[in-house]
Amino acid sequence: MCGIVAYIGHREAYPILIKGLKRLEYRGYDSAGIALLNGNLNIYKKQGKVSELEENVKGKDISGSLGMGHTRWATHGEPNDVNSHPHISQSGEIAIIHNGIIENYATLKEALLDRGHTFSSDTDTEILAHLIEDIKQNTHSTLEEAVRLALHEVIGAYAIVIVSKNDPTKLIGARKGSPLVVGIGDGEFFMASDATPIIEYTKNVSYLNDGEIAYIKDGTLTVKTINNVEKVPYIQTLEMNLESIEKGGYKHFMLKEIHEQPKSIYDSLRGRFDPVTATFAMRSLKEYEGKIKNLNRIIIVGCGTSWHAGLVGEYLFEDIARIPVEVEYASEFRYRNPVVNEDDLVIAISQSGETADTLAAIELAKEKGATIFGLCNVVGSSIPRASHAGAYTHAGPEIGVASTKAFTAQVAVLTLWALGFAELRGKTTKQHLREAFSQLEAITEKVERTLHCESKVIEIAKVFKNSRNFLYLGRGYGFPVALEGALKLKEISYIHAEGYPAAEMKHGPIALIDEEMPVVVIATKGNIYEKVISNIQEVKARKGKIIAIVTEGDTKVAGMADYTIEIPETIDYLEPLVATIPLQLLSYHIAVMRGCNVDQPRNLAKSVTVE
Ligand code: G6P
């Protein structure tokens, strides 16, 4: 969704804000704006990328050591200069930036119109700036108090930052449902949607909880709840470094992140099992041993790529631990009155840990008595905090909007959980665990080797870059991989692609196949290899073009397919970790060849904090 950054201190704010906005641009990129205070309140905003805003402010007054910036992903009001943030109050005294949605904005607006307010944008955010000023004037209260009272009237989700021309030593931020982190430096403070704009200056941060307001006034940070109860801010030291959020010589974040997968998978597995004793070192398994032994069912919720990881999870838990699993789109689950009870374990998967639907789904499941495990990448984000237990994927910051390394890291941790659950429920043996652990230890080298297919993938991408449609087929563990491959292509190249269970093709998509249709098939050796070969023949008989992902050394499929990409052999349930890699590379190179902005595809945002 939108990205927020703010600064108050002894340096010039502008360079910090612009650099921060560029780091947050993955959250939204249809327009950007900044507000700077230096006696005057200077606001500059522009439709388009942060670089366009930067161009636009050349030669203008950008001085000031208090300021805030915003990069937008439109919800209310089309992306244009006027609807860009910051928005100002009626008198122009108060400026606000906002990430989220104010659901009752129409009612609030009506009341403000009645009181003589006039609005220049179509946004919900502008209403809040007016409301704060209205309350401040009518109640003769301080800016802090007016913000607090205004938030009592707001229904919806928000992370906001506020500055006022008349209070140049104050910076105020608040959150409910959308993330906001405060950075604490030496005589300076930062606020941002995530820590990436901050870590260059300080590693000490405090994540606000829902319903909390941070007031920075005369060099002091105070955190209070919306009900005016003072809280002691929990300040933590981040381990993230600058290098991990920069491109490191790669042309795009997505390509860097694809190539980071040997490390991100390794980091997500590291220290969590001991191959010698065939034991686990995961807090979730230890602390919830009783629960895991007795649970009746696992429900996995997520959105987008995380939902695909959940599908792999379904296969893993049922196959290895023999536990029934349901995988649900979080957005459907939360609104369809699902049957959930105390014997259920709900696993919420989310890279960002902030996806609004996933968060709402676990709140619902919690109310119904279920135990919640979060599987997230962003430390300290909302979903892990709302969960009873869980595990982090140690994939490092993922900046490319299309998720890559987070997916494989999620699958790696789900594999460990499935094995761990199997052990606790007596569904596996030490011998099997040793074998599984040795395969897991070998996986990072196999992922590394898989990345060598890139030159072959580039050749294939050249052939198919102008195709209008793609079909992705897989069976068993290959099916979620096919879905994820299709999603990657759609997201970044805008080619229509569908993932399908290979055998289901006969019940519909086969009608689409002709000599123009590339069909990517996950055809690795496993117990349904022969069945997949039959499906390949069905495509070939209709002149479709086969791009097959095959096991190293395979000659059978190679003899039938138009193009093959080899991946190292591994145990079937670890195959998603390797088979996904060539599909990520294929979508990346096709998108680059089509001139698409792979890191910031149109209409998408990395973190969807609205319903
Ligand atoms: C957005 C992103 C996807 C991501 C999905 C779920 O749509 O563009 O890449 O898979 O949200 O995000 P989460 O952070 O919950 O994994």
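This structure is a prediction, so every number in the text was calculated from the model and none was measured. (Residues numbered from 1 in each chain as written. Predicted model: local features only at pLDDT ≥ 70, side-chain atom pairs only at ≥ 80, totals over all residues. Heavy atoms only, no water.)

Participant: Can you walk me through the overall build of the chain in this structure?
Facilitator: Helices and strands together make up the secondary structure of the chain, namely 20 helices and 27 strands. The C-alpha radius of gyration computed for the chain amounts to 25 Å, which stays within 12% of the reference 25 Å derived for 611 residues, consistent with globular compactness. Across its three principal axes, the chain shows a C-alpha extent of roughly 80 × 55 × 45 Å. Taking all 611 residues of the chain together, 61% fall into the buried category. (Helix = DSSP H or I, 4+ residues; strand = E, 2+ residues; numbered from the N terminus. Rg over C-alpha atoms; globule rule 2.2 N^0.38 Å. Buried < 20%, exposed > 50% of the residue type's maximum accessible area, 1.4 Å probe, protein only.)

Participant: I keep staring at the pattern of salt bridges and nothing clicks. Help me out?
Facilitator: Where charged atoms from two side chains of opposite charge come close, those side chains can pair. This model, assessed by the stated rule, comprises 34 salt bridges. Note that R148 is salt-bridged to E145, the shortest N-O span being 3.0 Å. With R148 and E145 both in helix α5 (residues 143–152) and 3 residues apart, the pair spans about one turn of that helix. Put simply, R270 and D267 hold a salt bridge, and the shortest N to O gap is 3.3 Å. Residue class for D267 comes out buried when judged on its relative accessible area of 11%. (Salt bridge = Lys/Arg side-chain N within 4 Å of Asp/Glu carboxyl O.)

Participant: Looking at this model, I keep getting lost on the side chain of Q600. Mind explaining?
Facilitator: Mapped onto the elements of the fold, Q600 is located in the segment after α20 (575–593). Residues within four places of Q600 in sequence aside, it is in contact with E25, Y26, Y29, K49 and V401. (Contact = heavy atoms within 4.5 Å.)

Participant: Explain empty space enclosed by the protein here, please?
Facilitator: Rolled over the atoms, a probe as big as a water molecule pinpoints where empty space is left. Going through the model one piece at a time under the given rule, you end up with 1 cavity of 30 Å³ or more. One number sums up the size of the largest cavity: a volume of about 70 Å³. C2, R72, W73, T75, H76, H85, H98, N99, G100, T123, D124 and T125 are the residues that line the largest cavity. A per-element tally of the lining of the largest cavity places strand β6 (residues 94–102) first, with 3 residues. When its residues are assigned to classes, the lining of the largest cavity shows 2 nonpolar, 8 polar and 2 charged. (1 Å grid on protein atoms, 1.4 Å probe; cavity = no way out; pocket = protein on both sides within 12 Å on 5 of 7 lines; lining within 4 Å. Points joined across faces, edges and corners; volume = space filled by probe spheres on them. Nonpolar A, V, L, I, M, F, W, Y, C, P; charged D, E, K, R; others polar.)

Participant: Please explain the pairing of strand β11 (residues 204–207) as it appears in this structure.
Facilitator: Consecutive side chains of a regular strand alternate in pointing toward one face of the sheet and then the other. Across 3 bridges, strand β9 (residues 181–184) lies against β11 in antiparallel orientation. Looking at β11, one finds that V182 is bridged to S206. As defined by bridge partners, β11 adjoins strand β15 (residues 236–237) across 2 bridges and the pair is classed as antiparallel. Counterpart to N204 in the pairing with β15 is T237. (Pairing = 2+ DSSP bridges.)

Participant: Would you mind showing me how to read the layout of surface pockets here?
Facilitator: Looking at the largest pocket, its volume works out to about 1,200 Å³. Around the largest pocket, the lining is made up of 47 residues, and of these E239, M240, V379, G396 and P397 lie nearest the centre. Broken down by secondary-structure element, the contributors of at least two residues to the lining of the largest pocket are β15 and α7 (261–269). Split by residue class, the lining of the largest pocket holds 14 nonpolar, 17 polar and 16 charged.

Participant: Can you help me understand the sheet that holds strand β3 (residues 41–47) in this one?
Facilitator: The pairing of strands in a sheet happens through backbone hydrogen bonds and is either parallel or antiparallel. Taking strand neighbours across the sheet as the criterion, the 8 strands line up as β3-β2-β4-β1-β10-β9-β11-β15 in an open arrangement whose pairing is antiparallel. The outermost strands of the open sheet, each flanked by one partner alone, are β3 and β15. The sheet contact formed by strand β1 (residues 3–8) and strand β4 (residues 66–72) spans 6 bridges and is antiparallel. Each bridged residue has a counterpart across the sheet, and for I4 the counterpart in β4 is H70.

Participant: For this particular structure, what's the right way to read the pairing of strand β21 (residues 371–376)?
Facilitator: Among the 6 residues of β21, 6 are classified as buried, and the element is accordingly described as predominantly covered. Side chains T371, F373 and L375 of β21 all project onto a buried face; the interleaved residues I372, G374 and C376 project onto the opposite face, where all are buried too. In terms of handedness, the path from strand β20 (residues 344–350) via helix α12 (residues 356–367) over to β21 forms a crossover that is right-handed. One ladder, built from 4 bridges, connects β21 with strand β22 (residues 389–392); its direction is parallel. Following the sheet pairing, F373 is matched in β22 by A389. (Right-handed = clockwise from strand over helix to strand, strands pointing away.)

Participant: Which parts of the structure should I look at to understand the site of the ligand?
Facilitator: Every one of the 14 residues lining the ligand counts as a neighbour, but S306, S350, Q351, S352 and T355 are closest to it. Between the ligand and T305 there is a distance of 3.0 Å, counted from an oxygen atom to a backbone nitrogen or oxygen. A distance of 3.1 Å separates an oxygen atom of the ligand from a polar atom in the backbone of V401. Alone, the ligand offers 390 Å² of accessible surface; in the complex the protein occludes 91% of this. Examining the composition of the shell around the ligand, we find that 3 residues originate from one element, helix α10 (residues 304–321), more than from any other. (Near = heavy atom within 4 Å. Polar contact = N/O pair within 3.5 Å; in protein donor to acceptor, adjacent residues only side chain to side chain. Areas by Shrake-Rupley, 256 points an atom, 1.4 Å probe, with all protein chains shown as cover.)

Participant: Before we go on, may I ask you to explain helix α4 (residues 125–139) in this structure?
Facilitator: In an α-helix, one turn spans 3.6 residues, which is why side chains three or four residues apart end up on the same side. Taking 1.5 Å of rise per residue, the 15 residues of α4 would be expected to cover 21 Å, and the 21 Å separating its terminal C-alpha atoms lies within 8% of that figure. When you tally the buried positions in α4, you get 12 out of 15 residues, the bulk of the element. Within α4, burial applies to T125, E126, I127, L128, A129, H130, L131, I132, E133, D134, I135 and K136. In this structure, the buried residues of α4 make contact with β5 (87–88), β6, α3 (105–114), α5 and β7 (156–164). (Expected span 1.5 Å × (residues − 1).)

Participant: Teacher, can you tell me more about α7 here?
Facilitator: Most of α7 is tucked away, with 7 of its 9 residues classed as buried. Taken together, the buried positions of α7 are Q261, P262, S264, I265, D267, S268 and L269. Those residues of α7 that are buried lie in contact with α6 (253–259), β16 (273–274), α14 (405–424), α15 (430–450) and α20. G271 sits one or two positions beyond α7 and adopts a positive phi of about 75°.

Participant: Would you mind going over the sheet that holds β5 with me for this structure?
Facilitator: Read across the open sheet, the 7 strands follow the order β5-β6-β7-β8-β12-β13-β14; overall the sheet is antiparallel. Looking at strand neighbours, the two that pair on one side only are β5 and β14 (230–231), the edges of this open sheet. Bridge analysis of β7 against strand β8 (residues 170–176) gives 4 bridges, and the strand direction is antiparallel. When the sheet's bridge partners are listed, I162 is paired in β8 with I172. Contacting β5, β6 and β7, α4 crosses the sheet at an angle of about 125° to β6. (Axes fitted to C-alpha atoms, helices over the stretch in contact; angles between N-to-C directions.)

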